[in-house]
Amino acid sequence: MSADLLDRLRVAVGPRHVLTGDLAAGHCRDWTGRFVGSCTAVVRPGSTDEVVAVMAACGGAGVPVVAQGGNTGLVGGAVPQGEAVVLSMVRLDAVGPVDPVSGQLTAGAGSPLARVQEVARGAGWRYPVDFAARDTATIGGTIATNAGGHHVVRYGMTRQHVVGVEAVLADGSVISRLGGLVKDNTGYDLAGLLCGSEGTLAVITAARLALVPDVGTVAVALVGFTDVAAAIRAVGGLRRTLPGVEAIELMCADGMAAVGAHLGASIPISGAEAYLLVEVVSTDPLDELATLDSVGGLVDAAVASDAVGAAQLWRWRESHTEVINRAGPHPPHKFDVTLPLASVAAFIDEVRGDVATRHPGARVWIFGHAGDGNLHVNVTGPSPDDTDIDALVLGMVARFGGSISAEHGIGRAKQPWLHLSRSATEIAAFTAIKAALDPRGLLNPGVLLPDQRLS
Ligand code: MLT
Ligand code: ZN
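Observations regarding the packing of aromatic side chains
Stage number 1. Applying the stated criterion to the full structure yields 1 aromatic pair.
Stage number 2. Note on F347 and F400: the rings are 5.5 Å apart at their centroids and 90° apart in plane angle, and the pair reads as edge-to-face. Placement of the pair is F347 in helix α13 (residues 344–358) and F400 in the loop between α14 (387–399) and α15 (424–437), with a sequence separation of 53 residues. There is no split in this pair, since F347 and F400 are both buried.

Here you go:
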């Protein structure tokens, strides 16, 4: 079966773009090293027609297809299992041009996020979705996970910026809605449905994206607080008094110390237990940031109003993922959760306390997008198979009225825990949608929902 399928895949995309063995291995594990799988081959289609041909070949052989972009996901959602074929989208990387009238562009699914941002800026616009993996993460992946990132507090999640998509369905048919109509109430919003679908409903090949005007200049402040509770209490006031606020990011003393050791640098302000990184883009961002002086619980602040200084302050926040991933002895248990903002400080106290009691020696690292109530809770120490940690943290999130996934998605990591955030009725609706669009369960089986081929 495999040899015949490989032949068909070589015909579909050209022999150079069918990778097996060692060349495929890097596509079978995630960036953190926590999720490792296997595949028959990695194929790299260069057009939508080639994606259709790959779907036909895999459908004919009854072999699952796992679409993969930059493979920067953090929940194992693009890691293939068994004999799956990985559909690497990186050759579908055409971007633009920007339509100056609508402020939109079309991007291939494999376009790196940073490239889309660059093309938008070159035309006087911005694509505001942004996060540390911007150089590698692809537009298709950001749509499949409905990526969030730093600017959600001002611009919302990826779904808000997707005007339409082109996608190949499981049966090889193509839906295409790249015309850029902002108002279009002709039934179901299929593009919206594919946002956050994690490769389980269709393979996204291109997207029409809405940009925002590139106006104003940037200033960034690293603000130190006496404790996490004071930092979180400040969030509402910052949103109210800083009209140009684009990011309000939380960091804690232990994470900052570890990042400092990694960077070989001293934290720009001393004596704080918690920090907010506040980014403002406006006509006079320094004037806006001057109001920080009156924020309660503030210890000190460092401000940068040039691009280099702003990037240096952002390194303190963006290095957290890499530094924690190396803290060992195993890849971390990564939780990406949202809490009602008013409960964030209490949640942090309780999660630190309960983990310390039940897992002495484990370390809890907390950072995230405070403006959205989105915490990245990472636990290092326990082995990746230790599900007690998952039960403890995610169960607590549910008790606090939060969501078990704010922005990374469910993937494989949280598939068994979906019921904590979704009712049985909602999961039944998900299952019905999946069965309608992918009746044989060949698109990314085992991600988001249980593998339907096993039931
Ligand atoms: C971040 O906000 O830095 C990312 O979501 C990555 C992470 O959670 O480690
Ligand atoms: Zn994040």
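Structural notes on the site of ligand 1
Stage number 1. Around ligand 1, a shell composed of L74, R317, T321, K334, F367, H369, H376, E407 and H408 is seen.
Stage number 2. One nitrogen or oxygen atom from the side chain of H369 is found 3.0 Å from an oxygen atom belonging to ligand 1.
Stage number 3. Separating an oxygen atom of ligand 1 from a side-chain N or O atom of H376 is a distance of 3.0 Å.
Stage number 4. When ligand 1 is considered free in solution it has 260 Å² of accessible area, and contact with the protein chains removes 91% of it.
Stage number 5. The residue inventory of the shell around ligand 1, partitioned by class, reads 2 nonpolar, 4 polar and 3 charged.

Overview of the sheet that holds strand β11 (residues 217–225)
Stage number 1. Pairing in this open sheet of 7 strands is antiparallel, and the strands run β14-β11-β13-β12-β16-β17-β15 from one edge to the other. The open sheet is flanked by β14 (298–304) and β15 (333–338), the only strands paired with a single partner. Going from strand to strand, the sheet's axes swing by 15° on average, the running direction of each strand aside.
Stage number 2. In the sheet, β11 pairs with β14 via 6 bridges, with the strands oriented antiparallel. Following the sheet pairing, F225 is matched in β14 by L298.
Stage number 3. Sheet strands in contact with α14 are β15 and β17 (374–380), and its direction is about 5° off that of β15.

Concerning the pattern of salt bridges
Stage number 1. Under the counting rule described, the total for this entry stands at 18 salt bridges.
Stage number 2. A salt bridge links D7 to R10; the shortest N-O distance between them is 3.7 Å. Placement of the pair is D7 and R10 together in helix α1 (residues 2–13), with a separation of 3 residues, close to one helical turn.
Stage number 3. Overlapping salt bridges, with partners in common, bring together R126, R154 and E246 in one network.

What counts and how
- Each chain carries its own residue numbering, running from 1 in the direction its sequence is written.
- By the order in which they are written, chains take letters starting at A while ligands take numbers starting at 1.
- A pLDDT threshold of at least 70 governs which residues receive local features in this predicted model, and a stricter bar of 80 or more applies before side-chain atom pairs are shown or counted, although totals over entire chains, interfaces and linings include all residues.
- To obtain the side-chain values, all non-hydrogen atoms of the structure were included, while hydrogens and water were left out.
- Whether two aromatic rings pair depends on their centres lying within 6.5 Å, for rings of Phe, Tyr and Trp, where Trp uses its six-membered ring; planes under 30 degrees apart make the pair stacked, over 60 edge-to-face, and the rest tilted.
- Secondary structure is summarised from DSSP: a helix means a run of H or I of at least four residues, a strand means a run of E of at least two, and numbering begins at the N terminus for each.
- A simple rule labels every residue: compare its accessible area, found with a 1.4 Å probe on the protein chains alone, to the largest value its type can have, and call it buried under 20%, exposed over 50%, or partly exposed in between.
- The nearness test applies per residue and asks whether one of its heavy atoms lies within 4 Å of the molecule or strand.
- Polar contact criterion, stated in full: a pair of N or O atoms within 3.5 Å, where within protein one must be able to donate a hydrogen and the other to accept it, and residues adjacent in sequence count only if both atoms are side-chain atoms.
- Computed with a 1.4 Å probe, the accessible areas rest on the Shrake-Rupley method; for each residue, only the protein chains presented here act as cover.
- Polar here means any residue other than Ala, Val, Leu, Ile, Met, Phe, Trp, Tyr, Cys and Pro, which are nonpolar, and Asp, Glu, Lys and Arg, which are charged; Gly is therefore polar.
- Here, any two strands with at least 2 DSSP bridges between them count as paired.
- Fitting a line to C-alpha atoms yields each axis, with helices limited to the stretch in contact; the angle taken between N-to-C directions then spans 0 to 180 degrees.
- By the convention used here, residues are in contact when the closest approach between their heavy atoms is within 4.5 Å.
- Each salt bridge in this description consists of a side-chain nitrogen of Lys or Arg and a carboxyl oxygen of Asp or Glu lying within 4 Å of one another.

Just geometry here; none of it tells us what the structure is for.
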